[in-house]
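Spelled out from the first residue to the last, the chains are:
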Amino acid sequence: MALTLKIGKGAREIELGERELIVGREDCDVTIEDDDEISRRHAAIKPLPGGGAEVTDLGSRNGTLVDGDRIEGPRRISGGETIRVGQTEIATEAVPPPAGVTRISESPGPAPTVAGAPVPPAAEPPRAEPRPAAPAAPPPPPPPAAAQTPPRFGAPGGPPPPGRRKRGPGLWLWLLSGGIVLVLAAAAAWFFLIRDSAEDQIDEAVERVFVTADPGACDFFTANFYEEAAGLSDQTPEEAEQACRDAEDVVPSDSATVTGLEIDGDTATGTIEFTVDGEDNTADATFADEDGWKIDSLELGG
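Below or above, wherever it landed, is the structure these notes cover. (Residues numbered from 1 in each chain as written. Predicted model: local features only at pLDDT ≥ 70, side-chain atom pairs only at ≥ 80, totals over all residues. Heavy atoms only, no water.)

With that out of the way, let us pick up the environment of Arg25. By the element assignment, Arg25 lies in the loop between strand S3 (21-24) and strand S4 (30-31). Expressed as a C-alpha distance, the spacing of Arg25 and His42, which sit 17 residues apart in the sequence, is 7.6 Å. Those residues in contact with Arg25 that lie beyond four places of it in its chain are Thr31, Ile32, Glu33, Asp35, Asp36, Ile38, Ser39, Arg40 and Arg61. (Helix = DSSP H or I, 4+ residues; strand = E, 2+ residues; numbered from the N terminus. Contact = heavy atoms within 4.5 Å.)

So, in structure tokens, the structure goes:
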């Protein structure tokens, strides 16, 4: 059965066809712009050949829920489930095939018979009559005394071996080149998926530290950050982290964004632009992937 997706409070309906739909905040098949808790590319809904669909989270910062359970891998649905991305709920409904449409089995069935007519027994195949034995062949005559074995190809004095046909590229070469193309395409898709996930996590770390500014924001600094802070304040890294959690009267920023982000493996660099009481500020920042992307160092601009 096909599935219909009913999205949000306005119950916007989308029929899930034969291709995968990407749900997210920007430039997706299903774009939901009025929910700030949805990532740029949040989740994928893929139709299955046997009916139903498969829901997969694309590394979003707030996760994807099916019937209230946060999914860690692909989750199969068949209709009637509720998918939650951010604060938006997507209801799924199974759509039965049109009336009068019946699936026909591909396996051949027995031949039709007329009601009431007897079914004749299957005719036996004719039996093969035994053939008479062929007369014995006469013995071959002895070879002539002067007969000689002709020289073989390539032997001294013999004819040269026949030329071999020159063959073109084999099937294996075409298969190998096709495999390389598939591997490159898969690697490119994986790179962009990982980059989107890293950008979402870095955005979340900056928002928690600069805008939310609650004690939980201290979890978004790396161990290296606390070591550098300890060196500046004559403390141990543990004391520096505790001082962060005990801080009071922290003035949060009005807004904070990351510009010029460059990601290289497990590290990244960028500039944080933030506004406090209407005054614009900047800070050069490095980020590191330690069980999730976190702020590794900060240097306030002039």
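So, next bit.
With that settled, the discussion passes to the side chain of His42. Its place among the elements puts His42 in the loop between S4 and strand S5 (43-47). Under the relative-accessibility criterion, His42 is labelled buried at 0%. In this structure, His42 is in contact with Val23, Gly24, Glu37, Asp57, Leu58, Ser60, Gly63, Thr64, Val85 and Gly86, ignoring residues within four places of it in sequence. (Buried < 20%, exposed > 50% of the residue type's maximum accessible area, 1.4 Å probe, protein only.)

A few words on the sheet that holds strand S10 (residues 82-85). With antiparallel pairing, the 6 strands of this open sheet are ordered in space as S2-S1-S11-S10-S7-S8. Looking at the sheet topology across the chains shown, the edges are occupied by strand S2 (12-16) and strand S8 (69-70). Here strand S7 (residues 64-66) runs beside S8; their pairing, made up of 2 bridges, is antiparallel. Counterpart to Leu65 in the pairing with S8 is Arg70. (Pairing = 2+ DSSP bridges.)

For the rest of this paragraph, the subject is helix H2 (residues 223-233). When H2 is considered as a whole, its buried residues turn out to be Phe225, Tyr226 and Ala230. Projected onto a plane normal to the axis of H2, the buried residues spread over an arc of 135° and lie on a single side. When the buried face of H2 is taken as reference, the exposed residues oriented beyond 90 degrees from it are Gly231 and Leu232. Those residues of H2 hidden inside the fold are in contact with helix H3 (237-246) and strand S15 (293-300). Trailing H2 by a residue or two, Asp234 shows a phi angle of about 55°, which is positive. (Arc of directions from axis to C-beta.)

So, on to unusual backbone geometry. With the exception of glycine, the majority of residues adopt a negative phi angle, and the majority of peptide bonds are in the trans configuration. At Asp27, a residue that is not glycine, the phi angle is positive and equals roughly 50°. Looking at where Asp27 falls in the secondary structure, it is placed in the loop between S3 and S4. A relative accessible area of 79% places Asp27 in the exposed class. In this model, Asp67 sits at a positive phi of 55°, which is unusual for a non-glycine residue. Along the chain, Asp67 turns up in the loop between S7 and S8. On the accessibility criterion, Asp67 (48% relative accessible area) is partly exposed.

Turning next to the environment of Gly24. Topologically, Gly24 is positioned in strand S3. When its relative accessible area of 0% is taken as the criterion, Gly24 is described as buried. Counting along the chain gives 17 residues from Gly24 to Arg41, while the straight-line C-alpha distance between them is 4.4 Å. Setting aside its immediate chain neighbours within four residues, Gly24 contacts Val30, Thr31, Ile32, Ile38, Ser39, Arg40, Arg41 and His42.

Bringing the state of the cysteines into the picture now. Across all of its chains, the model carries 1 disulfide by this definition. What pairs with Cys218 in a disulfide is Cys244, and their sulfur atoms sit 2.1 Å apart. Between Cys218 and Cys244, the disulfide has an S-S torsion of -90° and is therefore left-handed. Within this pair, whereas Cys218 is found in the loop between helix H1 (171-212) and H2, its partner Cys244 is found in helix H3, the two being separated by 26 residues in sequence. Residue Cys218 is classed as buried on the basis of its relative accessible area of 3%. Overall, the relative accessible area of 24% leaves Cys244 in the partly exposed class. (Disulfide = S-S within 2.5 Å.)

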